[in-house]
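Spelled out, the chains give:
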Amino acid sequence: MARLPHVIPSLDEVQVDIRGAIAIVRLCRPKKRNAINDGLIAAIAQRFDELPETVHAVVLHGEGDHFCAGLDLGELKDRDAAEGLHHSRSWYYVLRDIEQGRRPVVAALHGAVVGGGLELATACHIRVADDSTFFALPEGSRGIFVGGGGSVRVPKLIGAHRMLDMMLTGRVYKAAEGVSIGMAQYHVPAGEALAKAIELAERIAQNAPMTNYALINGLPRIAEQPADHGFLTESLLAGIAQAAPEAKARVRAFLDGTGPKVKA
């Protein structure tokens, strides 16, 4: 089962604003704290699929007071074990396509980043948390288990035992502490996450597309490979990236003094 094939995407609940080389994808269920149901996850998939070739980076954020408060428990269906398994795996296809797609994705976080909302955020490549952000995994207290890839992605950021603590005790991390342990890379004042995320996405979109692709798809895999395998993967990606015409032009510009230089 892939991409919830029998679900009609709730396209009015996921809006896209194209701004030059970046796209801003907005979750639009503010009355539900942007909680995820099948229609929303299907709409996210479709919106990402429809992005034009001219888009080189994406910002993902939530309308209203919260990024995403997780699974919409009001629509949780009574599924048998097999149905639950296939439903969970259908989410994987969507979040995998965000994580392993062609464009870096910057998540602008505020308010609740809880349960499935944290799973969605961790599928993104850069996370900006404003001071209103709080992170939680309340599945343990609700008698359920993470099902959108959280048990794989979250421990890679904060460690398995921190995730255990969150699920066993209901521990909530506020923005500053969450950033300090790796939940996000940037911490900004309340209300400024979207602006910072747009700033970062605009910078990222200036990179050569092949380099961005190599970074978001290569680095996570190299981190999990034995060193000798990682060295080979790195050399293959380096060869492919530097062979791109855009890369050659950028190197020539640097050598002739017309390209940008690193500044402190």
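No experiment lies behind these values; they were computed from the predicted model shown.

Some points on the overall build of the chain
Thinking step 1. Scanning the chain from terminus to terminus reveals 10 helices and 9 strands.
Thinking step 2. Each principal axis of the C-alpha distribution contributes one length, and for the chain these read about 65 × 40 × 40 Å.
Thinking step 3. Long-range contacts, defined here as pairs at least 24 residues apart, represent 72% of the contacts in the chain between residues at least 6 apart.
Thinking step 4. Across the chain, the 29 positively charged side chains and the 30 negatively charged ones have centroids separated by 4 Å.

Some details on the sheet that holds strand β6 (residues 126-130)
Thinking step 1. If you walk across this open sheet you meet the 6 strands as β1-β2-β3-β4-β6-β9, and the pairing is mixed. The two strands at the open ends of the sheet, each matched to only one other strand, are β1 (14-19) and β9 (186-188). In this sheet, neighbouring strand axes are inclined to one another by 20° on average, regardless of whether the strands run parallel or antiparallel.
Thinking step 2. By the bridge criterion, 6 bridges tie β1 to strand β2 (residues 22-27) in an arrangement that is antiparallel. Bridge assignment links Val 16 to a residue of β2, and that residue is Val 25.

Side note on the state of the cysteines
Thinking step 1. What the rule picks out here adds up to 0 disulfides.
Thinking step 2. The thiol of Cys 68 is unpaired, and the distance to the nearest cysteine sulfur, on Cys 124, comes to 11 Å.
Thinking step 3. For Cys 124, a relative accessible area of 4% translates into the label buried.

Some words on a nonpolar patch on the surface
Thinking step 1. On the surface, a nonpolar cluster with roughly 220 Å² of combined accessible area is contributed by Leu 73, Leu 76 and Ile 144.
Thinking step 2. Note on placement: Leu 76 falls in the loop between β3 (57-62) and α2 (81-99).
Thinking step 3. Residue Leu 76 is classed as partly exposed on the basis of its relative accessible area, which comes to 42%.

Observations concerning the side chain of Asn 37
Thinking step 1. Position of Asn 37 relative to the elements: it lies in the loop between β2 and α1 (38-49).
Thinking step 2. Assessed through its relative accessible area of 9%, Asn 37 is described here as buried.
Thinking step 3. Within the structure, the side chain of Asn 37 is placed 3.3 Å from the backbone nitrogen of Gly 39, a separation counted as a polar contact.

So, the packing of helix α4 (residues 150-158) against helix α5 (residues 160-169)
Thinking step 1. Contact pair α4 / α5: the axes reach a minimum separation of 7 Å and the direction vectors enclose 120°. The angle between α4 and α5 places the two elements in the oblique class. Along the contact surface, α4 presents Gly 150, Ser 151, Val 154, Pro 155 and Ile 158, while α5 presents Ala 160, Arg 162, Met 163 and Met 166.
Thinking step 2. Class assignment of the residues belonging to the contact of α4 with α5 gives a composition of 6 nonpolar, 2 polar and 1 charged.

A closer look at the nonpolar core
Thinking step 1. Within the largest apolar cluster, 44 residues are counted, with the highest numbers of intra-cluster contacts made by Ile 44, Ile 98, Leu 120 and Phe 135.
Thinking step 2. Listed in part, the 16 residues of the second largest apolar core include Ala 108, Ala 193, Leu 200 and Ile 204.

Observations concerning the pairing of β2
Thinking step 1. With 5 of its 6 residues buried, β2 lies for the most part within the structure.
Thinking step 2. Looking at chain direction, β2 and β3 are connected through 6 bridges and run parallel. By the bridge assignment for β3, Val 25 is matched with Leu 60.
Thinking step 3. Following the chain from β2 across α1 to the adjacent parallel β3, one finds a crossover that is right-handed.

Parameters at a glance
Residues numbered from 1 in each chain as written. Predicted model: local features only at pLDDT ≥ 70, side-chain atom pairs only at ≥ 80, totals over all residues. Heavy atoms only, no water. Helix = DSSP H or I, 4+ residues; strand = E, 2+ residues; numbered from the N terminus. Contact = heavy atoms within 4.5 Å. Lys, Arg positive; Asp, Glu negative; His and termini not counted. Charge placed at Lys NZ, Arg CZ, Asp CG, Glu CD. Pairing = 2+ DSSP bridges. Axes fitted to C-alpha atoms, helices over the stretch in contact; angles between N-to-C directions. Disulfide = S-S within 2.5 Å. Buried < 20%, exposed > 50% of the residue type's maximum accessible area, 1.4 Å probe, protein only. Patch = residues over 30% accessible without salt bridge, like charges linked within 9 Å, V, L, I, M, F, W, Y side chains within 5 Å. Areas by Shrake-Rupley, 256 points an atom, 1.4 Å probe, with all protein chains shown as cover. Salt bridge = Lys/Arg side-chain N within 4 Å of Asp/Glu carboxyl O. Polar contact = N/O pair within 3.5 Å; in protein donor to acceptor, adjacent residues only side chain to side chain. Parallel < 35°, antiparallel > 145°, perpendicular 65-115°, else oblique. Nonpolar A, V, L, I, M, F, W, Y, C, P; charged D, E, K, R; others polar. Core = buried A, V, L, I, M, F, W, Y, C linked by side-chain atoms within 4.5 Å. Right-handed = clockwise from strand over helix to strand, strands pointing away.

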